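Structure assessment
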Amino acid sequence: MSLEVPMNTPADDHHDHGDGVRIDSEKARRAREILASPRTLTLSLYKRPKEAIESIDFLGSIPFLGVHVAAVAFVVATGFNWVALGFCLFLYFIRMFAITGGYHRYFSHRTFKTSRWFQFCLAFLGASSAQQGPLWWAAHHRHHHRHSDTEEDIHSPGLRGLWWAHCGWVMCRKYGEIRWEEIKDFAKFPELKFLDKYHVIAPITLGVATFMLGLFLQEYFPQLGTTAWQMLGWGFFFSTVLLYHGTFTINSLSHIFGKRRFETTDESKNSFILSIITLGEGWHNNHHRYPASERQGMYWWELDITHYLLRVMSLVGLVWDIKTHPKSLYEEAQRRRQAFAEARAHSAPPRH
């Protein structure tokens, strides 16, 4: 049964992979060669980038590095407070949802539909995570799916090293520009282009709002024991650092640790732990096998909080036309489970 091709995968000059997911024949062949090579089996923290231009731009990375320094400084200087920690986790949660449900499942893969105003809400909230704008984020992610774990993948841990895949590429000047050819569908919205160009507006707005909330609590609810600077440090800076590295684990760790349900042309894996950290993104092998589905956990025991939230939003009309896995994918998973069970039974030593 052929289903629609995901928006981020061109249909021209491709062949069908059996379920409507189309993969470039030459790219697939090259991917298999690379993944079969011994070097992808060796985990290293750092491997030299393939081009000299792929070097860390420390000057341009001052804001990114500065957030880390500020987070540590504020936490040490202001001390611990349960209210501040609670707000830190709250902002982590809602902004992680904006990344997973907005930047990833909507802008990158268009796995559901929404209104133009709520589209902007997702974009602005995602931008408050200080991971640049939705067009930049989604364009690079579409490029990743097109070339996952090949030499063209800008954050393959097997080919570039764990550290580079995790956050090194983010600090590289080469990848600071938007890949406009990948994001033509959303580039037609002027408000999204504005938000991408001035993406710092969103995190600065959130930072100021967090500080003002701290002033309010400090003045009118002193019994809570928190301050404006403590709320800024924990609620904004520390939360943002946690959000950075929670998001980055999918680029790095989910291509190294976990289990593979499907045979794909990359090293994507499923991880329950990463699904908790990222509200459901840890079912990465499922996602790479069928990126057209909004839901990434295929079964009830595969926790996918982002999917649950989007389902609730669909009940009140905020989103609609949520795409799911086709029946053929569950049948494929069942066949692979049976084949694995049979292979394990045949390899078991005979009983006497």
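Residues numbered from 1 in each chain as written. Predicted model: local features only at pLDDT ≥ 70, side-chain atom pairs only at ≥ 80, totals over all residues. Heavy atoms only, no water.

**Quick notes on the packing of helix α2 (residues 62–78) against helix α11 (residues 228–251)**
The line we're drawing: Simply put, an axis is a line fit to the C-alpha atoms, just over the touching stretch for a helix, and the angle between two N-to-C directions goes from 0 to 180 degrees. Helix numbering and strand numbering both begin at the N terminus, where a helix is a DSSP run of H or I of at least 4 residues and a strand a DSSP run of E of at least 2. Roughly parallel means an angle under 35 degrees; roughly antiparallel, over 145; roughly perpendicular, 65 to 115; everything else is oblique. Handedness of a crossing follows from how the near helix is turned relative to the far one, being left-handed for an anticlockwise turn of less than a right angle and right-handed for a clockwise one. By definition in these notes, contact holds between two residues if any of their heavy atoms fall within 4.5 Å.
Closest axis-to-axis distance for the α2/α11 pair is 8 Å, and the angle between their directions is 135°. The angle between the axes of α2 and α11 places the two elements in the oblique class. Read as a crossing pair, α2 and α11 show a hand that is left-handed. Along its contact with α2, which presents F64, V67, H68, A70, A71, F74, V75 and T78, the element α11 presents W229, Q230, L232, G233, W234, F237, F238, T240, V241, Y244, H245 and F248.

**Concerning the confidence of the model for the protein chain**
Under the convention used in this document: Confidence of the predictor in every single residue is expressed as pLDDT, which spans 0 to 100.
Chain-level pLDDT for the protein chain is 87 on average; 84% of the residues reach the 70-or-more range. Across residues 1–25, where pLDDT falls below 50, the model places 50 contacts with residues more than four positions away in sequence or in other chains. Predicted confidence for residues 31–44 stays below pLDDT 50, and this span has 25 contacts to residues more than four positions away or in other chains.

**A few points about the side chain of H255**
Convention followed: Relative accessibility thresholds used throughout: buried, under 20% of the residue-type maximum; exposed, over 50%; partly exposed, between the two (1.4 Å probe, protein chains only).
Among the structural elements, H255 can be located in the loop between α11 and α12 (272–277). We classify H255 as buried; its relative accessible area is 5%. Residues contacting H255, with those up to four places away along its chain left out, are H144, S148, D149, P157, I250, E267, S268, K269, H284 and H288.

**A few points about the nonpolar core**
The condition is simple: Take the buried residues of types Ala, Val, Leu, Ile, Met, Phe, Trp, Tyr and Cys, join any two whose side-chain atoms come within 4.5 Å, and each joined set is a nonpolar core.
Membership of the largest hydrophobic core comes to 59 residues, with the highest contact counts inside it found for F107, F186 and F237. Ranked by residue count, the leading element in this core is helix α3 (residues 82–108), at 12 residues. In contact with F237, other than residues within four places in its own chain, are V67, A70, A71, F74 and L232. In terms of nonpolar packing, the next biggest core, distinct from the first, is built from seven residues, Y290, A292, M298 and A333 among them.

**With respect to unusual backbone geometry**
Even without being glycine, R110 reaches a positive phi, approximately 50°. With respect to the secondary-structure elements, R110 resides in the loop between α3 and β3 (113–114). In this structure, L279 is a non-glycine residue whose phi angle is positive, near 60°. Mapped onto the secondary structure, L279 falls in the loop between α12 and α13 (284–289). For L279, a relative accessible area of 4% translates into the label buried.

**Let's talk about a nonpolar patch on the surface**
Basically, it comes down to this: A residue counts toward a patch only above 30% relative accessible area and without a salt bridge, and it is joined to like-charged neighbours within 9 Å or, for Val, Leu, Ile, Met, Phe, Trp and Tyr, to nonpolar neighbours within 5 Å. Reported accessibility uses the Shrake-Rupley method at a 1.4 Å probe radius. Residues are deemed covered only where the shown protein chains occlude them. Here, a salt bridge means any side-chain nitrogen of Lys or Arg that lies within 4 Å of a carboxyl oxygen of Asp or Glu.
A contiguous nonpolar surface patch, about 720 Å² in accessible area, is contributed by F194, Y198, V200, I201, I204, V208, M212 and L215. Broken down by element, the nonpolar patch gets its largest block of residues, five residues, from helix α10 (residues 201–220). Inspection of the secondary structure assignment puts L215 in helix α10.

**Some points on the side chain of T150**
What counts here: Each polar contact in these results corresponds to two N or O atoms within 3.5 Å; when the atoms are within protein, one needs to be able to donate a hydrogen and the other to accept it, and residues that are neighboring in sequence are counted only if both atoms are side-chain atoms.
Assignment of secondary structure puts T150 in the loop between α5 (134–146) and α6 (157–160). Here H147 takes part through its backbone oxygen, which lies 2.7 Å from a polar atom of the side chain of T150.

**Regarding the pattern of salt bridges**
Under the defined criterion, the tally for this structure stands at 14 salt bridges. In this structure, the salt-bridge partner of K113 is D321, at a minimum N-O distance of 3.4 Å. With a gap of 208 residues between them, K113 in strand β3 and D321 in the loop between β4 (319–320) and α15 (327–347) connect regions that are remote in the sequence. When its relative accessible area of 47% is taken as the criterion, D321 is described as partly exposed. As a salt-bridge pair, R336 and E263 come within 3.8 Å of each other at their nearest N and O atoms. In this pair, R336 is assigned in helix α15 and E263 in the loop between α11 and α12, connecting sequence segments 73 residues apart. Look at R336 and you get partly exposed, because its relative accessible area is 33%. In this structure, a network of salt bridges that share partners links the residues R105, E281, E294 and D304.

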